[in-house]
Structure formats: C-alpha cells, structure tokens
Amino acid sequence: MTRAGELTPHSGDVLAVSVFWLGYVGCVSAACLASRGHSVIGVDVNPQKTEFLRQGKAPVVEERIGELTAEVVASGHLTVSDDAAKAVHATDISIVCVGTPSAPGGGLSTAYLESASEEIGAALATKDGWHVVCFRSTMVPGTCEGILVPALEKASGKKAGIDFGVCVNPEFLREGSSVFDFENPPKTVVGESDERSGALVMDLYEGLGGPRFRVPIAVAEMTKYADNSFHALKVAFGNEIGAVCQKLGLDSHAVMDIFLADTKLNISPAYLKPGFAFGGSCLPKDVRALTHTARQNDIDIPVLANLLASNETQLKRAVDMVTNLGRRKVGIFGLSFKSGTDDLRESPMVELAERLIGKGYDVLIYDANVALSRLMGANREYIEDRVPHIGQLLTGDIAAVVEHGEVFIAGTKEANVVESIDNIGPDKTVIDVVRLPDAEKRRLQPGYLGIGW
C-alpha cells in the first residue's frame, strides 16, 4: 500500500473521468481515481468547493484525503470545473455522486439524481463518440432504469446501451477510513447496460483487491442496501445481546468474543442465502427461551423478539404462493426440517402441509427419509400430533406425487426429486423453497416460482 501523497498508477488504460458533485463520496472518489493516474475533472456548482480543490484543499475532513488531494491537484491529475457540458465532452466516463436523501415518507429523493442526469444528457446530445454515465449514488433498485435512463435519453435524444453506456457502481466507503477502503475494497460491483460500458468502468479499479462483479443494473443497486441493512442488523443484534447479558450480570464482550470466534456458522456465509423458514429442534425453541428471559427481566429486545414473527411471514409467503395459483392438488417433495434427515420437529414443511390441508387442498407428500415404519418416539408423536392424517398423505412413490399434483413444492434438492421436477410439464407449477440447481435458468421457464429469487 502506498503512503499518502504518492500516486498509485494502475496497470490498465488511463481514462478521463468527470465526477459530479464534490461531496464526501465525490471528493474521495475524484482524489483516489486521480491518484491512480486517471485524468479527473471534479464538477460542482458550489464555488467554495471548486475553489478549495483548485487550491489543492479537500472540501471534506477525512484521514489522508488532504495530503492526497494536494498531491493530485499539484500533479495535474485532478482539475475542477463548474461547466458540466465541457466536463462531459472532455472525458470518457461521468461518475455521478450526488446525494439521495430520504423523502418525507421515508422513500428516496431522486431530485438531485434527475437534475444531474438531465444536465449530463444535454451534454451528450452534442458529444460524438462513446460516453459512459456511471451512478455511484445509493439508489433503490429500479431507480436507474426506471427514472434516470429515461431522463438521460430524453435530454440527449440518444438510446442507452446503443449511443452511450450506463452503469451503477456503488461505493463501500466508511467515513474515517474512506481512502483506505477505496484502495482496499471489500468488493467492486458494476451494474452495466452493456458489456463495453461495464468493462470501461471496471478498468478504473484495475489492480485493486477483492472480488469483482459485473451484474445487471438493478442487482448493483440492491447490493448497497443489503450491505447496510445487514450492518444495521449486526449493531442491533450485538446491542440486544448486550442488554440481556448486562441484566443477567454477564460480560457481553466475553460472550461475543466466543460468538465471533466461530467462523464456520456465525461469521460466515452460513444461513445467509434466501430460502424457506427455519425450524428444527433448536432455533425456534432457543429464540423463544431467550425472548422469554428478556420479558421476565423487563428487557426490550425488538429485533430478537421479532425473529419468530419474521419466520412466520416466510411460511405465510409460501402458503400465499400456493393459494394465488387457484389449483387444489398439491405435491410436496420433502417433509423434514433439513434435507437428508428424518427430523420432523418444528419442520416448516410440516407446518406448510398442515396449513394447506386445513384450507382444503388435496396434498400428497414424498420424502425418502421419512417413513412411518421407521418413525419412533418424538418423531412419531410429533407427526401424529401436528398432521394426524400423515399416513394417507405420505408416500414412498415419487411418481405418484408427480401424477397427483397440479402444484408442486420443492422442499429438498435430492437428486431423484430434481430429476422428477425436471420432467414436470410447463402446464404445472413448481414452487421452489430451497433453490434448486440451475435456478437462474429455471426462473426464465414457465411454471417455475422461487420463493426469494
């Protein structure tokens, strides 16, 4: 890693870049891109900001940004302008870093994004050659293609992806360490209107570490919200565990040190892929016990207390997917709470079957690991208590389920189930709650519905 004040030219092509506007993200992005050898024009209508930068001073306070800004201005790699049209005409890529504040109702205000798009679009109307408009502002999925691309096309009289390119390139910068984060990104994400534009924007970051993703524009828009929502969830989770520990006289940091040491299940990709509701002998029981302990000690833990409510919503979502289809014969593949076991305790698949039966659906179930002749003890008692007619509903003949159903629920990815589902005609519907192999291709086929994709 280079020291502040040292240029870090990358190994790819040098590009000419205009950065619209020079707030926190814009100033850091402009200085860091210039430090990599790119020719950067910072654009802002605020004369105080442009004059600061013209003098080699950063308009934001941030570790290393002052020294870096002075160096790139002195070297000529970073210049400033208040003329948007000239900046667009002189550059290959325009990076939009305007603010996206909350609207009064909690939604996203796109006023600054629209204004910037109209201004850049007007410049594109008189520019020859390929130009990429790259949005670095945080925006909800659908904003770029639904609002900003039409604004660019209307102002320019040109078509996105044909006459000019559009990308979304979310930033993952933390205030206080943004220069370090730019140089050491956790990942680089580029949503692209076309391959040419995506490649050009990705080249800005040539040589930087971390995984790189070129994806559809809306996927890129969503990644920032997934990140920040999870970060907020982590803070709330840690604080609620701390509140319970404090009330019980425990050192919450000692508890969380143990929690954090588990990189197999806790600080890991485990459990983070969308799918069906959780169940089994541990998670529901232990969440109930912890929230009960909190209530007994008059501790308010709204995040933890709503885990079971969220889980119930996912179960209801699956029921609604079936009822919305208006068909009565349902085949279910998989009954146990976890594929490859015969454990039925608090299985969401059992609960799903029970609710459909209660609504009058004609249900037939296949699970290779669950057979009444092998069920003993708690499993037998559980199934007899929750789904008393399981003997009539459960079959070891997978072909019978295929023959029976009009709607199928895939609750397992076992090979024989996948093979049977592949042979189901497009006139029937498969509701996938486990993400079957090749789900991305299946999404494009008639008769397939994923619960979270």
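The structure we're discussing is the one just above.
Residues numbered from 1 in each chain as written. Predicted model: local features only at pLDDT ≥ 70, side-chain atom pairs only at ≥ 80, totals over all residues. Heavy atoms only, no water.

Turning to the overall build of the protein chain, a few remarks are in order. For the protein chain, the helix and strand inventory stands at 19 helices and 14 strands. Expressed along its principal axes, the backbone C-alpha trace of the protein chain runs to roughly 80 × 60 × 45 Å. Sorting the 453 residues of the protein chain into buried and exposed places 46% on the buried side. The long-range fraction of contacts in the protein chain, counting pairs at least 24 apart against all pairs at least 6 apart in sequence, stands at 71%. Carbon and sulfur atoms make up 54% of the accessible area of the protein chain, which amounts to about 22000 Å² in all. Measuring between centres, the 43 positive side-chain charges of the protein chain sit 2 Å from its 58 negative side-chain charges. (Helix = DSSP H or I, 4+ residues; strand = E, 2+ residues; numbered from the N terminus. Buried < 20%, exposed > 50% of the residue type's maximum accessible area, 1.4 Å probe, protein only. Contact = heavy atoms within 4.5 Å. Areas by Shrake-Rupley, 256 points an atom, 1.4 Å probe, with all protein chains shown as cover. Lys, Arg positive; Asp, Glu negative; His and termini not counted. Charge placed at Lys NZ, Arg CZ, Asp CG, Glu CD.)

Below, the discussion takes up the packing of aromatic side chains. Overall, the coordinates contain four aromatic pairs when judged by the stated rule. Ring centres of Phe20 and Trp21 lie 5.5 Å apart, and the angle between their planes is 75°; this geometry places the pair in the edge-to-face category. A single burial state applies to Phe20 and to Trp21, both of which are buried. With a centroid separation of 5.6 Å and an interplanar angle of 40°, the aromatic rings of Phe237 and Phe259 are classed as tilted. Of the two residues, Phe237 is situated in helix α9 (residues 217-247) and Phe259 in helix α10 (residues 252-261); the sequence distance between them amounts to 22 residues. If you follow Lys187 out to its NZ or CZ, it ends over the ring of Phe172, 4.2 Å from the centre. (Phe/Tyr/Trp six-rings, centres within 6.5 Å; stacked < 30°, edge-to-face > 60°. Lys NZ or Arg CZ within 6 Å of the ring centre and 35° of its normal.)

What sets the pattern is the α-helix's 3.6 residues per turn: residues three or four places apart point alike. The first and last C-alpha atoms of helix α11 (residues 283-296) sit 20 Å apart over 14 residues, in line with the 20 Å expected at 1.5 Å per residue. For α11, the complete set of buried residues consists of Pro284, Val287, Thr291 and Ala294. One side of α11 carries all its buried residues, which in axial view fall inside an arc of 95°. Check the buried side of α11 and you find it contacts α9, α12 (302-305) and α13 (307-323). Downstream of α11 by one or two residues, Asp298 has phi in the positive range, about 55°. (Expected span 1.5 Å × (residues − 1). Arc of directions from axis to C-beta.)

Close contact between α13 and helix α14 (residues 348-358) brings their axes to 10 Å; oriented N to C, the two are set at 45°. The orientation of α13 with respect to α14, classified from their angle, is oblique. Crossing angle aside, the handedness with which α13 passes α14 is right-handed. Residues Glu312, Leu315, Ala318, Val319 and Val322 of α13 lie in contact with α14, whose contacting residues are Pro348, Glu351, Leu352, Arg355 and Leu356. When its residues are assigned to classes, the contact of α13 with α14 shows seven nonpolar, no polar and three charged. (Axes fitted to C-alpha atoms, helices over the stretch in contact; angles between N-to-C directions. Parallel < 35°, antiparallel > 145°, perpendicular 65-115°, else oblique. Left-handed = near helix turned anticlockwise from the far one by under 90°. Nonpolar A, V, L, I, M, F, W, Y, C, P; charged D, E, K, R; others polar.)

Attention now moves to the environment of Ala399. Relative to the helices and strands, Ala399 is located in helix α17 (residues 398-404). Residues Ala399 and Glu153 lie 246 residues apart in sequence; the distance between their C-alpha atoms is 54 Å.

Take α13 next. If you check α13, its first and last C-alpha atoms are 25 Å apart, about what 17 residues at 1.5 Å a residue would give, namely 24 Å. Contacts from the buried residues of α13 go to β9 (329-333), α14, β12 (407-410), β13 (429-432) and β14 (448-450).

Further remarks concern the state of the cysteines. A covalent bond between the sulfur atoms of two cysteines is what we call a disulfide. In this structure the tally under the stated criterion is zero disulfides. Of the cysteine sulfurs around Cys32, a residue in no disulfide, the closest is that of Cys27, at 9.0 Å. Of all cysteine sulfurs in the structure, the one in Cys282 sits closest to Cys245, which takes part in no disulfide; the separation is 19 Å. On the basis of relative accessible area, Cys245 is assigned to the buried category, the value being 6%. (Disulfide = S-S within 2.5 Å.)

For the rest of this paragraph, the subject is the sheet that holds β14. Here six strands make up an open sheet; going across it, the order is β11-β10-β9-β12-β13-β14 and the pairing parallel. This sheet does not close on itself; its edge strands, each paired only once, are β11 (394-395) and β14. Pairing of β12 with β13, which is carried by four bridges, proceeds in the parallel orientation. The partner of Val407 across the bridge, within β13, is Thr429. Where α14 meets the sheet, its contacts fall on β9, β10 (362-366) and β12, and the angle it forms with β9 comes to roughly 170°. (Pairing = 2+ DSSP bridges.)

Phe276, Phe333, Leu356, Ile365 and Ile409 are the most contacted members of the largest nonpolar core, which has 44 residues in total. Those residues in contact with Leu356, other than ones at most four positions away along the chain, are Val319, Val322, Val330, Tyr361, Val363 and Ile409. (Core = buried A, V, L, I, M, F, W, Y, C linked by side-chain atoms within 4.5 Å.)

Here the focus is the sheet that holds strand β1 (residues 16-20). In spatial order, the strands read β3-β2-β1-β4-β5-β6-β7-β8; together these eight strands make up an open sheet with mixed pairing. Here the strands that pair on one side only, and so sit at the sheet edges, are β3 (78-81) and β8 (212-215). Between one strand axis and the next, the sheet turns by 25° as a mean value, whatever way the strands run.

Glancing now at unusual backbone geometry. The linkage connecting Phe20 with the following residue, Trp21, adopts the cis geometry, with an omega of -15°. By the element assignment, Trp21 lies in the loop between β1 and α1 (24-35). Despite not being glycine, Tyr271 shows a phi value in the positive range, around 70°. Note on placement: Tyr271 falls in the loop between α10 and α11. A positive phi is found at Asp438, a non-glycine position, where the angle reads about 60°. Structurally, the position occupied by Asp438 is in the loop between β13 and α19 (439-442).

Taken N-terminus to C-terminus, the directions of helix α6 (residues 143-156) and α9 make an angle of 115°; their axes are 9 Å apart at the nearest point. Classified by the interaxial angle, the pair formed by α6 and α9 is roughly perpendicular. In this structure, α6 uses Thr143, Cys144 and Glu145 to contact α9, whose residues at the interface are Ile217, Ala218 and Glu221. Of the residues belonging to the contact of α6 with α9, the class tally is three nonpolar, one polar and two charged.

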